[in-house]
Amino acid sequence: MPDRPVFGRDQTDRPDASSAQRVGLPTVRDILRLPVLSAALPEVLAGEESLGVRVRWVHVSDSLGVATLLDGGELLLSTGAGWSADDALLTQYVEDLVQVGAAGLVLELTHGLERAPRAVQDACTRLGFPLIVLHKVIKFVAVTEAVHSRIITDQTEALRARDALHDLFIGLSLRGSPADYIVSQLGRVLNAPVVLENINHQVVAVETLAAGDELLAQWEQRSRAARREVAARAAGRSASGELTAVERSGQVGSSGARTSAGWDIVPVEARGVRWGYLVALPGEPHPAGRLQVMEQAAVALALGRLADRDADEWTRRGHEQLLVGLLGGRYVSELGVTLRLEAAGLRVRDRMLLGLVLAVTPDGAAVAAALAAAEASGADAIAAAYPSSNPNGRSAQLMVALSLPAEARFPDAAASAFAKDVAQALRPSVTDIAIAVGGEAHDAASLLASLEEAAELLRRNSALPRRGVAVHRVENRPLLRLVTALGSDPRLQAHSEQMLRPLIDHDLEFGSGLLAVLTAFAAHPGNRTKAATASHLSRSVFYQRIALIEDLLDVDLDDGETVSALHTALLARGSAR
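Residues numbered from 1 in each chain as written. Predicted model: local features only at pLDDT ≥ 70, side-chain atom pairs only at ≥ 80, totals over all residues. Heavy atoms only, no water.

## Quick word on empty space enclosed by the protein
Then comes step 1: As enumerated under the stated definition, the model contains 1 cavity of 30 Å³ or more in all.
Then comes step 2: A volume near 90 Å³ is recorded for the largest cavity.
Then comes step 3: Along its surface, the largest cavity is lined by Val-203, Val-204, Ala-205, Val-206, Gly-318, Gln-321, Leu-322, Tyr-331, Arg-340 and Ala-344.
Then comes step 4: Every element with two or more residues in the lining of the largest cavity is listed here: β7 (203–207) and α10 (313–327).
Then comes step 5: Examining the composition of the lining of the largest cavity, we find that 4 residues originate from one element, β7, more than from any other. (1 Å grid on protein atoms, 1.4 Å probe; cavity = no way out; pocket = protein on both sides within 12 Å on 5 of 7 lines; lining within 4 Å. Points joined across faces, edges and corners; volume = space filled by probe spheres on them. Helix = DSSP H or I, 4+ residues; strand = E, 2+ residues; numbered from the N terminus.)

## A short note on a nonpolar patch on the surface
Then comes step 1: There is a patch of nonpolar side chains on the surface, built from Val-299, Leu-303 and Leu-306 and spanning about 220 Å² of accessible area.
Then comes step 2: For Leu-306, a relative accessible area of 37% translates into the label partly exposed. (Patch = residues over 30% accessible without salt bridge, like charges linked within 9 Å, V, L, I, M, F, W, Y side chains within 5 Å. Areas by Shrake-Rupley, 256 points an atom, 1.4 Å probe, with all protein chains shown as cover. Salt bridge = Lys/Arg side-chain N within 4 Å of Asp/Glu carboxyl O. Buried < 20%, exposed > 50% of the residue type's maximum accessible area, 1.4 Å probe, protein only.)

## A few points about the packing of aromatic side chains
Then comes step 1: On inspection of all chains with the given rule, the structure shows 3 aromatic pairs.
Then comes step 2: Between Trp-219 and Trp-263 the ring centres are 5.1 Å apart and the planes differ by 10°, which places this aromatic pair in the stacked class. In this pair, Trp-219 is assigned in helix α7 (residues 219–234) and Trp-263 in the loop between β8 (257–258) and β9 (264–270), connecting sequence segments 44 residues apart.
Then comes step 3: Judged by its relative accessible area of 1%, Trp-219 falls in the buried class.
Then comes step 4: When the ring centre of Tyr-277 is taken as reference, the NZ or CZ atom of Arg-227 above it lies at 3.9 Å. (Phe/Tyr/Trp six-rings, centres within 6.5 Å; stacked < 30°, edge-to-face > 60°. Lys NZ or Arg CZ within 6 Å of the ring centre and 35° of its normal.)

## Comments concerning the side chain of Thr-259
Then comes step 1: Mapped onto the secondary structure, Thr-259 falls in the loop between β8 and β9.
Then comes step 2: The contact partners of Thr-259, leaving out residues within four places of it in the chain, are Ala-226, Glu-229, Val-230, Arg-233 and Ile-265. (Contact = heavy atoms within 4.5 Å.)

## Thoughts on the pattern of salt bridges
Then comes step 1: Tallying each qualifying case throughout the model produces 19 salt bridges.
Then comes step 2: For Arg-224, the salt bridge goes to Glu-220, with nearest N and O atoms at 3.1 Å. With Arg-224 and Glu-220 both in helix α7 and 4 residues apart, this pair spans about one turn of that helix.
Then comes step 3: Residue Arg-224 is classed as partly exposed on the basis of its relative accessible area of 33%.

## Concerning the confidence of the model for the protein
Then comes step 1: Considering every residue of the protein, the mean pLDDT works out to 83; 87% of them sit at 70 or more.
Then comes step 2: Note on residues 8–21: pLDDT under 50 across the span, and 27 contacts to partners over four residues away in sequence or across chains.
Then comes step 3: With pLDDT under 50 throughout, residues 389–394 is counted as low confidence; its partners more than four residues away or in other chains account for 2 contacts. (pLDDT = per-residue confidence, 0-100.)

## Structural notes on the pairing of strand β14 (residues 433–437)
Then comes step 1: For β14, the tally of buried residues reaches 5 of 5 residues, placing the bulk of the element in the interior.
Then comes step 2: Residue alternation in β14 divides its side chains into two sets, Ile-433, Ile-435 and Val-437 and Ala-434 and Ala-436, and both sets are buried.
Then comes step 3: Examined bridge by bridge, strand β11 (residues 351–358) and β14 share 3 bridges and lie antiparallel to one another. Of the residues in β14, the one forming a bridge with Val-357 is Ala-436.
Then comes step 4: Judged from the 5 bridges that link them, β14 and strand β15 (residues 469–473) form a sheet pairing that is parallel. Considered in β15, the bridge of Ile-435 is made with Val-471. (Pairing = 2+ DSSP bridges.)

## What about the side chain of Arg-290?
Then comes step 1: Tracing the sequence through the fold places Arg-290 in helix α9 (residues 290–307).
Then comes step 2: The class of Arg-290 is buried, set by a relative accessible area of 5%.
Then comes step 3: Within polar-contact distance, the side chain of Arg-290 engages the side chain of Asp-264 at 2.6 Å.
Then comes step 4: Discounting chain neighbours no more than four positions away, the residues touching Arg-290 are Leu-190, Ala-192, Arg-258, Gly-262, Asp-264, Ala-280, Leu-281, Pro-282, Gly-283, Glu-284 and Pro-285. (Polar contact = N/O pair within 3.5 Å; in protein donor to acceptor, adjacent residues only side chain to side chain.)

## Regarding the nonpolar core
Then comes step 1: Residues Leu-323, Leu-341, Val-357, Ile-382, Met-399, Leu-447 and Leu-451 are the most contacted members of the largest nonpolar core, which totals 35 residues.
Then comes step 2: If you tally residues by element for this core, the top one is helix α14 (residues 444–460), at 7 residues.
Then comes step 3: Every residue in contact with Leu-447, bar those within four places of it in the chain, is listed here: Leu-326, Leu-341, Leu-346, Leu-353, Leu-354, Gly-355, Ala-401 and Ala-441.
Then comes step 4: One finds Ala-366, Ala-370, Leu-398 and Val-437 within the second-largest nonpolar core, a separate group that totals 30 residues. (Core = buried A, V, L, I, M, F, W, Y, C linked by side-chain atoms within 4.5 Å.)

## Section: the sheet that holds strand β12 (residues 380–385)
Then comes step 1: Across the sheet, which stays open at both edges, the 5 strands sit in the order β12-β13-β11-β14-β15 with mixed pairing between neighbours. Every other strand in the sheet has two partners, leaving β12 and β15 as the edge strands with one partner each. Neighbour to neighbour, the strand axes of the sheet diverge by 20° on average, direction disregarded.
Then comes step 2: Those strands touched by α14 are β11, β13 (398–405), β14 and β15, and its axis lies near 25° from that of β11. (Axes fitted to C-alpha atoms, helices over the stretch in contact; angles between N-to-C directions.)

## A few points about the packing of helix α3 (residues 87–100) against helix α4 (residues 118–127)
Then comes step 1: The N-to-C vectors of α3 and α4 enclose an angle of 35°; their axes lie 8 Å apart at closest approach. In this structure, the crossing between α3 and α4 has a hand that is right-handed. Seen from α3, the contacting residues are Asp-87, Leu-90, Thr-91, Val-94, Glu-95 and Val-98; seen from α4, they are Ala-119, Val-120, Ala-123, Cys-124, Arg-126 and Leu-127.
Then comes step 2: When grouped by side-chain class, the residues that make up the contact of α3 with α4 number 8 nonpolar, 1 polar and 3 charged. (Left-handed = near helix turned anticlockwise from the far one by under 90°. Nonpolar A, V, L, I, M, F, W, Y, C, P; charged D, E, K, R; others polar.)

Shown next as structure tokens:
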């Protein structure tokens, strides 16, 4: 036997088949606290670090060959009567108990055995095996009755907890609950942070609880390291040693595993396909067992994947949650959103970031096409539907956050190639396509501005006819960029309300569309014929509406400053909406 402790701190951490069956069982420490044993004045002589081992049953025997009668998880009670004085036999006795997975040895000291044999104590200390001596004589039958009653009670509680969790997670899957909601519920059940990641160790959904987004820092590296540790342990090797190909793959068995840092990892798979992993960070034990609770949630997630026809549903929903959260200001700190974006695979720090918005239906096919186009251009990307204000809730815009090397540029040719790749992947449903490119960004806050600029730019140009690929860049619209940056300033909104209120009231009362006419006029200053065409009105009707606008606002639309002020007001109104 090796000279280092091999018994372990908690058999529920060991990647063997029996660990699942020991969930809900009391530990050696729990049993020592029972009144029947505490009255016997127990003293721990060795293996104190392993008192968290689960006890499956209590067995009474004085035979040195008792190991052959054990199945693992038993707490052995003995008086030492008839033990040999041979140190080698006593050492072998302890090693055999460790080998079969016994939970510990409780030795009652009597007049014939007033202290634990030195060989037994030394072997238990070396192997980290719990050795407890009782300084008062007690009835072993009272111990077995008390312990077995406790075991049955704990097991009953564990079964009830499992049934309740089964109902919870199966109910969530039957109702079609999204992955992020299932992960959130799992985190609350375990009272610990939980991460759902894909096969590439990119975060799909997370419940941080009170830990904050900082737990996602360098997530991919930490997750891969944890997986290597699990694989190395399963192969019976040290994680610091040379890894085999199997170990480098970092595979986790179907029953899950626990790392030395207290991470519990369970795969999400069905029909032979593994889609990702659930990772629970350290937390308190659960009556049903943390791994078993996570397996229930993994089943719910797998059922959701099987029922969903969209193979990239996790990716799409994860990206949507991130980008919509970014646009909605749902993050406490810029560091938090940076860590979430990077955990999802979008490098932020020391990168050039761009917000793009494309005029395509943002379904799963469009998201996949955008991600493929980004990969072809050598960029990281996340993509999702741009939040729609349409009454029917449907959006015709796909937003994409791109991450490129800091020194990179994204000229019109690159934007056009990106849009062409997306259109090509979506043919024949998409032939002509418009893409808006926001300003360059270098952090999460300016990425938000870039996305908003691109969305407003595309909205402003949505009425323009397009053939092939139409590229719109915010750099070519300096006023739009300024208004987007100041869109939340109440003074700018007050300016917009003051300038446009008569037109808004008139449109609401008569449905005359004066705001749309003014928008077309501002977009084509000095060319009323082109503005009339953009408004889909005849020139005579357009001129009549312009005259009405001048009367309502008491302005002269031939004055450049007035037109600039009105254009600013229109842009501010669009940004706020």
